[in-house]
Structure formats: C-alpha cells, structure tokens
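Each chain, letter by letter, is given below.
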Amino acid sequence: MLRQTLVFFLVVLSSLAASAQNGYLVGTVKDEKGRPMEIVTIAVKGSAIGTVSNVQGEYSLSVPTVNITVVYSLVGYKKQEETLQLKEGEVKRLDIVLKKEATTLEGVTVTDTKDPGVIKLDVKKTALLPGDPFSGIESLIKTFVGTNNELTSQYNVRGGNYDENLVYVNDFEIYRPFLTRSGQQEGMSFINADLVSGVNFSVGGFQAKYGDKMSSVLDVDYKRPKKFGGRILASMLGVSASLEGISKNEKLTYLIGVRQKSNQYLLKSQPTKGVYNPSFTDLQALINYKFSPKWESEILANYARNRFQFFPEEATSSFGLINRALQLRVIYEGGEIDQFDSRFGGWSTTYHASEKLKLKLLASGFQTNERETYDIFGEYLLGELETDLGKEDFGQVKYAIGTGVIHTYARNYLKVNVGNLAHRGSYAGNLHFVQWGLDANITDITDKLHEWERRDSARFTQPYMEDKLELTRVYNSASTFNYMRYAGFIQDNFRFNDSLGLTVSLGVRFNYSTLNNEFLISPRAQVSYKPKWEKDIIFKLAGGLYQQPPFYREMRDLDGNVNKNLKAQKSFHTVLGTEYNFKTANRPFKFTTEIYYKGLWDIVPYEYDNVRIRYFGQNNAVGYAYGGELRLYGDIVKDATSWVSVGVLKTAEDVTNDYIVKTTTTESEPPAPSITTIDTIKPGYIPRPTDQRFMVGMYFEDYFPKWKNYKMHLNLMYATGLPFGPPDKARYGDTLRLPDYKRVDIGFSALLLNGAKHPNKKALRSFENIWLSAEVFNLLGIQNTLSYSWIQDMTTNQTYAVPNRLTSRLINVKLVVDF
C-alpha cells in the first residue's frame, strides 16, 4: 500500500506539471490467478501513444483529454479495450485482469514465452488425446521433438538422450528408475497430468536457474485448487482418479491422485507371445497450507510400485526381401520377474518478506529399490521361406539355415538414495528480477550386477573354445559408494527501460562434486527483442555452458565397472529464433523458427539396449549437434488449435581411442614368404545413437460444425531411423540405420454430459463433464522396428539382424468423468 501510495503521489505531481491537454492513466495488469504480468502492451488505439508493463505488472501512461480507447494486449491472452475520457490533469487508476485466449485447444494451449527454445503448454484435458493417458505430458512433448518408440515415455531432445533431460515438479527435481531396459517394464511417468496446471518445456539454451544437464528442462507446476473437484478416468489400459479441494478458511489446499496401469492389453499385440503380467501403481499427494499472507508451506509425496512379470512362450518374426524371405521362430522356457519401487518426499516453505523479496527453503528425498531377475531359455529355428507364388508351400519354411539356443540370465539389484536441501530466492526491482539458489545434495548407491548370455549353435557354445566354455557376454560387478554435490546460481532478468522491448537474462551456475573433485562454472545468457513493428514479431538469442556431472548410469561401463573418476560431460549451446504471431480469417496463429548449434566435449559414448542406455564409462569423445525447427500453431478449425512441428538434426561424435585394425596379406612366389601388413584406421566422426535427421510431428483437432461436443483428435509422427550396430562394443560399427518410424493415432470423443446445462437437476449438476472416447493406435498398422536380434547361420557363419517390432493396430476405449 505504501508503494502504491507513493506511485500515486508522484503521478499526481507529474500530472500537475503536464500540459493542459493531458491526463494520466496508472494501474496494474494481472492474470486470472492474480499474478503480475510484464511486457503487456498498453496503447491508445489509433495513435502512437503506448507503453508496456514492468515486472510487477505496473504501468503509467500520459493520455490526451479526449474520448480514447486504451488497448491491453499480450500474445496468448484476450485483448481488452477500455473506452474513457480524462479531464485536464486527472489521474485515473485502472487495474486490468487479462484472460487467456478463449480460442485455444481445450487439451493444450501454447502461449507466449520470452525465453528462446521454450514451449509453454497449458494442459487441461490431455486424457482426451489419443495415446497413453498415463504419460500425457510426454506424449505431447514427442510431437515436438520426435520419437521412435511409443511404449516408453522417454524422449530425446536435439541429439541428447533421455538422461540429459531435467524434470521439475513445483521446483523439486524428479528422478526415475534406472534399471528399466524396455518400454514393457516401464511404469507411469511421475507427472500426473490430472494434477498439472502448467508446463514449461525448454529444448535448449535454458536459464541458469535450471540445473546442470545438457539437453532440456521440463518444468511442471501442480494446481492450487480453488474449489472441490476431481476426475475419474477408466480405459482398457488402466484407471486413475484425482481429488482436489480447499478448506473453508482457504488456508489449506490439497491434491490427491492415484493411478493403476496395466499394459497387458497393449502387449498382446507384441510379436513375442506369452503371459504378460504388468502392474504399475502410483499414488501422489500435494498439500499446501497458508499460515499467513506472507508465509506458506507445501508437501509433495509420491509412491510408485512397478511390477513386471513375463513368461514368454513363442515368437515368430519374418523379414528379408521379396526374392529371399527369412523367418525366425523361437520357443521359450523360463521367465522374467522385475520390480521397481520408488518413493519421493518433498517439503518446501515460502516466505514473502515483502512485495519484492521472496525466500524459499526446500528439502526432499528420493529412494529407489530395483530388482531385475530373469532366466529365459530360447530355442530358435532360422529358415528361408518359399517365395514362389505358384507353389503350395508359399510362405512356409522350405529349409533351415540356422538352429540354436539363446540363454539369458540376470540377477541385478540396485538401491539409490538421494537427499537434497536447497534455498531459492528472488527480488523484483523496477527493471530487474534477480533470482538465486543454493543446493546441497547427497547420493548413496548400492549396485550388484550379475548378468550373462550363452549362445549355442549346432551343439557348440559360441564363441567355440576347445579347452573352456566361453559365454557370449558376462557382467559381474558390485559397488557401494556415496558422495556430496554442491550447486548454486544467480541470474538477473532485466529490461533497459519500459519503452524498449528488449529483455535480457544473465546468469551463472557453479557445481562441485566430492566424488571426482570437479568444480564447474557455467555462464548462460538469453536475449529477447520485440521491435515496435506493426507485425507481432519477437527475436530471441541464447547461449552458454551446460555441463552435466555424472550420475550412476554414466559411471557404469559396458562390463558393469563403475568409474568414480568420470568427469562431467560438457556442451556449449547457441540458439537463435523468431516468433511471429498473426491472424488469418480472424483466427490466431503462431509461427516459430529456431536454429541451434551444440559443441560437445568430454562426452561419454553410449549405445542403446532397447530403451536402456549403456555407457562406455569414459570421457573419451568429442562431438557436435546442429539443426533447425519450424513450428506452426493455430486454429485451422475455429476454436480448435492444432500444430505441426518439423525438425532437422545432425549429431556426431569422434571417440578418441576408437580405431579399426585392418590386416592385409600379400602372397609371394616361393621361396619368398608372404607379406602381412597391419593398418590402423581412425573412423573419425560417426553418428551418435540419437542422430534423427528429420522428423515431423502433427496434432490436429476437428469437430462436427453443428455439434462441437463430438470431436476428432489426430496424432501423426514421422521420423527417420536411428543409427545402430552389432553388439560388439565397437562404436565405429554403429552406422547402420533403423527403418523410418511412422505412426498415426486417431481418437473420437463425445461429450455425454455437461453439468452446466442441467443447473436444475441436482444429480447432474455435480458433474462438470463426462466424455467417452474411442481411439485407434497405429491406425495404418505399420510395423515399426525398435531394434534387432543377431542370429548366426550355422552353415556359413553369416549373422542376420532379426527385427524386433513395436505394437500393431489396437483399439482403446476411455471414459473421463470430471466433477
């Protein structure tokens, strides 16, 4: 009140000194949640008079003493107009609340952001979108960054793998299970979409306030309920329920979500037939208590119980060419039993010392207890199929070219405990917004790895040794260690003045680990400029150092040994982008473009085993990633926002101690001996495992013109194939390519009940909406390939790559009840 009184008093004094033709307009601009909004344009319609709001949402504007219309506008929000006439020397206060654009997608709203590379998603009804409702946020992200596996919630961003992505929920960093090797084992995403109020997803060049990883940041805010309500979802993949509410005195708010998922129906379409018994359970709660207008406290808790049991029976895979088709048939014995249990608890307290100063203390703990146990014996027959259409046995095996046994065994156990104590603070000045933070993190790891594979072909174990039994691969190790990590940052977001549309963010991070005694400094910067043009265009530039200290998976090499001296992987980001907002046919559209370059050094090479990332455990590679992205959002159909995202990428690395040994023997005429020469060839730069050269992701929504309650949702994904190679621990050989990934999902939704249309019926009034959806996964029935199994021919010793397929076409039904 004191600050507002001083502002008002200064305005009065300045207005007395103004010319006789002017009045003065002052006030604040806030959003629907009461938060100040900066860089809102305030302009007198039909004139060059205007200004923008500051960080506190405040503005002041000298206006003529005639009848005028003042326009308040910000991309992603409804434009608001106020008509008024001030008297000579009059000072009028006008506080404005801007509402989000009404012509946005009910499921997803993409709104304005000032940071380069940030996609801001307002997620409201992700349950209606076709796909896995338990990984709704990640499913949306994949339409922007691409994917090659619908069974996992993991995603890769601009040449980085999933371990290079940060995930935050209400400022708490989130972890996930580590031993998961396939999408079948993977449970639900930590993020419960029914509890979410907003999502910021940064794909590069992010601010210093975020942590020390090299690719992306997913920053999620959970709801602050204003009334009692909830949602129930039931589908053929599982069920979920959420509840939210607020106390009578409005001091206590709560969110509770429980989810139960089973992929049993989905896995029935897998080529490997057998008994699948997956069961994934998740319970979350968020409780907030406001002790006073200045002080509040919050608790976030999560328990995830993931069980996966699989007893395979048989699998049949056909592959090859028209003139030579092959088939692999495997009969199995044994099974797999896995469990991944994780717990997370976080507590935070926030103190608003003043309108400008905010202080926050956070404490959290994460624990995961993982067991991967399997003993599977598979006897296979590799045969050549009859391809002559005129023969009776067309499509059947005409003779065998390979038989054998593949026996896999594992007893892997992992316990990880992570504790974190952190402080966050912010100070809002007139043109500056300063943020800072400190973290202390302790990590304790106990790892026991015992895994092997034996291959037998024509009754000989491969590789064949006369004097001993040699297994194809053996991993046997144990490690227990703990360490401390300290981190902190300071950054300033500022503008030079209110009239210049230039926003700058400068920041720096530090990080120190007691495990390898490495101290890191990471400066970062972002610039956003909005020229005063008739067209609404924003230019953005970002860059800085992004250094990723090693965690458990990076330190463990292909043989299971843990390298505790591993250094941080390092990268430099440069991002340049534009954002153009416009209207066509009176419908809002946004077009964004970005180009980027990432220089990489001290990186740890790795390869994929399904979705599991297996590292080489050494900082022995340098690399790069560069590319560009185009995205268009808009109401192709009125009141239904759709989007399309197109990306090109090239990423490669040079492993310093990787080389090819080539032996050449030259025969000579007797009695001269033959000459053998050995050449060492350096492969140079080879594609990284995430080198997805081109991708297109699209989401499209439509409805019947006269019945908007009947909607159609379409997801389309195309991505070029990722590199792969034989399982020989040689990175230089991983230059083959998987087939391109192509997938179309479609869903149809009908609003069965809208409680607002039945205000006089008490039984129906308690329901907000009831939706029924039917969706088709993999509409075109395309057989996408995830990876290959390597099978040897017993007669020629030739090795064949047998494709491992993803899901085929499936139909799912969902019921969503909001109350």
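Each residue is numbered by its place in its chain's sequence as written, counting from 1. Per-residue local features are limited, in this predicted model, to residues with pLDDT of at least 70; the limit for side-chain atom pairs, both in listing and counting, is 80 or more; totals at the level of whole chains, interfaces and linings are taken over all residues. Side-chain numbers come from the whole structure's heavy atoms, not from hydrogens or water.

1. With respect to the overall build of the protein chain
Part 1 of the reasoning: By definition, any uninterrupted DSSP run of H or I lasting at least four residues is a helix, any uninterrupted run of E lasting at least two residues is a strand, and each is numbered from the N terminus. Helix and strand counts for the protein chain stand at 5 helices and 46 strands.
Part 2 of the reasoning: Only protein chains enter the accessibility calculation, which uses a 1.4 Å probe; a residue whose area is less than 20% of its type maximum is buried, one above 50% is exposed, and one in between is partly exposed. The 819 residues of the protein chain split such that 53% are buried.
Part 3 of the reasoning: Throughout, a contact is declared for two residues whenever any of their heavy atoms are within 4.5 Å. Across the protein chain, contacts joining residues at least 24 apart in sequence account for 66% of those joining residues at least 6 apart.
Part 4 of the reasoning: Accessible area for the protein chain stands at about 36700 Å²; split by element, carbon and sulfur atoms hold 57% of it. Shrake-Rupley sampling with a 1.4 Å probe provides the accessible areas, and residues are treated as covered by the protein chains on show and by no other component.

2. A closer look at the packing of aromatic side chains
Part 1 of the reasoning: Only Phe, Tyr and Trp rings are paired, with Trp represented by its six-membered ring, and only when their centres lie within 6.5 Å; those with planes under 30 degrees apart are stacked, over 60 edge-to-face, the remainder tilted. Tallied over the entire structure, the rule returns 35 aromatic pairs.
Part 2 of the reasoning: Centre to centre, the rings of Trp533 and Phe539 are 5.8 Å apart; their planes meet at 80°, and the pair counts as edge-to-face.
Part 3 of the reasoning: Ring geometry for Tyr624 and Tyr626: centres 5.8 Å apart, planes at 15°, overall stacked.
Part 4 of the reasoning: Relative accessible area serves as the criterion here: at 16%, Tyr624 is assigned to the buried category.

3. A short note on the confidence of the model for the protein chain
Part 1 of the reasoning: Across the protein chain, pLDDT averages 86, with 89% of residues at or above 70.
Part 2 of the reasoning: Values of pLDDT, the confidence the predictor places in each residue, fall between 0 and 100. Here strand β9 (residues 108-111) stands out as the element of the protein chain with the lowest mean pLDDT, 38, in contrast to strand β17 (residues 252-261), whose mean of 95 is the highest.
Part 3 of the reasoning: Low pLDDT (under 50) marks residues 4-20, which in the prediction has 12 contacts with non-local residues, meaning those over four places away or in another chain.
Part 4 of the reasoning: This model gives residues 102-113 a pLDDT under 50, and the stretch forms 46 contacts once residues within four places in sequence are excluded.

4. Quick word on unusual backbone geometry
Glycine aside, negative phi is the norm for most residues, and most peptide bonds take the trans geometry.
Part 1 of the reasoning: Positive phi is not limited to glycine here, since Ala585 has a value of about 55°.
Part 2 of the reasoning: Note that Ala585 resides in the loop between β29 (569-584) and β30 (587-603).
Part 3 of the reasoning: For Asn610, which is not a glycine, the phi torsion comes out positive at approximately 60°.
Part 4 of the reasoning: Position of Asn610 among the secondary structure elements: in the loop between β31 (606-609) and β32 (612-615).

5. So, the sheet that holds strand β6 (residues 80-84)
Part 1 of the reasoning: The 4 strands are arranged β3-β2-β5-β6 in an open sheet whose pairing can be described as antiparallel. Each edge of the sheet is formed by a strand with only one pairing partner; in this case those strands are β3 (50-52) and β6. On average, each strand axis in the sheet is tilted by 15° relative to the strand beside it, whichever way the strands run. DSSP bridges decide pairing: two strands pair if at least two such bridges lie between them. For helices, the fitted axis covers only the stretch in contact; all axes are lines through C-alpha atoms, and the angles between them, taken along N-to-C directions, range from 0 to 180 degrees.

6. Quick notes on the pairing of strand β22 (residues 397-428)
Part 1 of the reasoning: Here 29 bridges tie strand β21 (residues 357-385) to β22, and the two strands are oriented antiparallel to one another. For Gly365, the partnering residue across the bridge sits in β22 and is Gly419.
Part 2 of the reasoning: Bridge analysis of β22 against strand β23 (residues 432-457) gives 23 bridges, and the strand direction is antiparallel. Bridge assignment links Gly404 to a residue of β23, and that residue is Ser457.

7. Thoughts on the pairing of strand β42 (residues 741-754)
Part 1 of the reasoning: Where burial is concerned, most of β42 is hidden: 10 out of the 14 residues are buried.
Part 2 of the reasoning: Relative to β42, strand β39 (residues 707-719) is paired through 10 bridges, and the arrangement is antiparallel. Paired with Ala719 across the two strands is Tyr741, which belongs to β42.
Part 3 of the reasoning: Both β42 and strand β43 (residues 769-777) contribute to a ladder of 8 bridges, which runs antiparallel.

8. A short note on the nonpolar core
Part 1 of the reasoning: If you look at the biggest cluster of nonpolar residues, it comprises 56 residues, and the most contacted ones within it are Tyr155, Ile191, Phe201, Leu218 and Tyr222.
Part 2 of the reasoning: No other element matches helix α2 (residues 136-145), which puts 5 residues into this core.
Part 3 of the reasoning: Sequence-distant contacts of Leu218, that is, excluding residues within four places in its chain, are made with Ile137, Ile141, Tyr155, Leu166, Val167, Tyr168, Ile191, Val199, Asn200 and Phe201. Side-chain atoms within 4.5 Å are what join buried Ala, Val, Leu, Ile, Met, Phe, Trp, Tyr and Cys residues into a set we call a nonpolar core.

9. Regarding the pattern of salt bridges
Part 1 of the reasoning: The rule for a salt bridge is simple: a side-chain nitrogen of Lys or Arg has to be within 4 Å of a carboxyl oxygen of Asp or Glu. Scanning the entire structure with this criterion turns up 47 salt bridges.
Part 2 of the reasoning: With its nearest N and O atoms 2.6 Å apart, the salt bridge here joins Asp341 to Arg307. Taken as a pair, Asp341 in strand β20 (residues 325-352) and Arg307 in strand β19 (residues 295-320) lie far apart in primary sequence, 34 residues in all. As far as the burial class goes, Asp341 and Arg307 line up, both buried.
Part 3 of the reasoning: The residue Asp439 makes a salt bridge to Arg424 at a minimum N-O spacing of 2.9 Å. Of this pair, Asp439 sits in strand β23 while Arg424 is found in strand β22, placing the two residues 15 residues apart along the sequence. The burial state of Asp439 is the same as that of Arg424; both residues are buried.
Part 4 of the reasoning: Overlapping salt bridges, with partners in common, bring together Arg181, Glu372, Glu451, Glu453, Arg455, Arg473, Asp609 and Arg612 in one network.

10. Things to note about the environment of Tyr580
Part 1 of the reasoning: Inspection of the secondary structure assignment puts Tyr580 in strand β29.
Part 2 of the reasoning: Residue contacts for Tyr580: discarding those within four places in its chain leaves Lys535, Asp536, Ile537, Phe589, Lys590 and Phe591.

11. Examining a nonpolar patch on the surface
Part 1 of the reasoning: Like charges are joined within 9 Å and nonpolar side chains (Val, Leu, Ile, Met, Phe, Trp, Tyr) within 5 Å, but only among residues with over 30% relative accessible area and no salt bridge; these make up the patches. A surface patch of nonpolar side chains, amounting to about 880 Å² of accessible area, comprises Leu252, Ile287, Tyr289, Phe291, Trp295, Ile299, Trp347, Tyr351, Leu361 and Leu421.
Part 2 of the reasoning: Here the element with the most residues in the nonpolar patch is strand β18 (residues 272-292); it accounts for 3 residues.

12. Here's the deal with the side chain of Asn165
Part 1 of the reasoning: Within the element layout of this structure, Asn165 appears in strand β11 (residues 165-169).
Part 2 of the reasoning: In this structure the side chain of Asn165 is engaged in a polar contact, spanning 3.1 Å, whose partner is the backbone oxygen of Tyr155.
Part 3 of the reasoning: Each residue touching Asn165, except ones within four places of it in the same chain, is listed here: Tyr155, Val157, Lys213, Ser215 and Ser216. Side-chain atoms alone can form a polar contact between residues adjacent in sequence; in general such a contact is a pair of N or O atoms within 3.5 Å, and within protein one must be able to donate a hydrogen while the other accepts it.

13. Some details on α2
Part 1 of the reasoning: Counting buried positions over the 10 residues of α2 gives 9, a clear majority of the element.
Part 2 of the reasoning: Taken residue by residue, α2 has Gly136, Ile137, Glu138, Leu140, Ile141, Lys142, Thr143, Phe144 and Val145 as its buried positions.
Part 3 of the reasoning: One or two positions beyond α2, positive phi appears at Gly146, with a value near 90°.

14. Structural notes on the side chain of Asp536
Part 1 of the reasoning: Tracing the sequence through the fold places Asp536 in strand β28 (residues 536-548).
Part 2 of the reasoning: In terms of polar contacts, Asp536 uses its side chain to reach the side chain of Lys530, at 3.5 Å.

15. Considering empty space enclosed by the protein
Part 1 of the reasoning: Lining residues are defined by having an atom within 4 Å of a point belonging to a cavity or pocket. Those points lie on a 1 Å grid over the protein atoms alone, cavities being sets where a 1.4 Å probe fits but cannot get out and pockets being open sets with protein on both sides within 12 Å along at least five of seven lines. Grid points are joined across faces, edges and corners, and a volume is the space filled by probe spheres set on the points. One pass over the full model with this rule turns up 14 cavities of 30 Å³ or more.
Part 2 of the reasoning: Of the pockets and cavities examined, the second largest cavity occupies roughly 460 Å³.
Part 3 of the reasoning: As for the second largest cavity, its lining consists of 29 residues, of which Gly131, Ser139, Glu150, Arg743 and Asp745 are closest to the centre.
Part 4 of the reasoning: Among the secondary structure elements, those contributing two or more residues to the lining of the second largest cavity are α2, β39 and β42.
Part 5 of the reasoning: Grouping the constituent residues of the lining of the second largest cavity by class yields 9 nonpolar, 12 polar and 8 charged. Residue polarity follows a fixed list, in which Ala, Val, Leu, Ile, Met, Phe, Trp, Tyr, Cys and Pro are nonpolar, Asp, Glu, Lys and Arg are charged, and the others, Gly among them, are polar.

16. Some words on the environment of Phe589
Part 1 of the reasoning: Positionally, Phe589 belongs in strand β30.
Part 2 of the reasoning: With relative accessibility at 15%, the residue Phe589 sits in the buried group.
Part 3 of the reasoning: Setting aside its immediate chain neighbours within four residues, Phe589 contacts Tyr580, Asn581, Phe582, Thr584, Leu632, Tyr633, Gly634, Asp635 and Ile636.

17. A short note on the environment of Ala422
Part 1 of the reasoning: Residue position: Ala422 is located in strand β22.
Part 2 of the reasoning: With relative accessibility at 4%, the residue Ala422 sits in the buried group.
Part 3 of the reasoning: With sequence-adjacent residues up to four places away left out, Ala422 is seen in contact with Lys360, Leu361, Leu362, Leu438 and Asp439.

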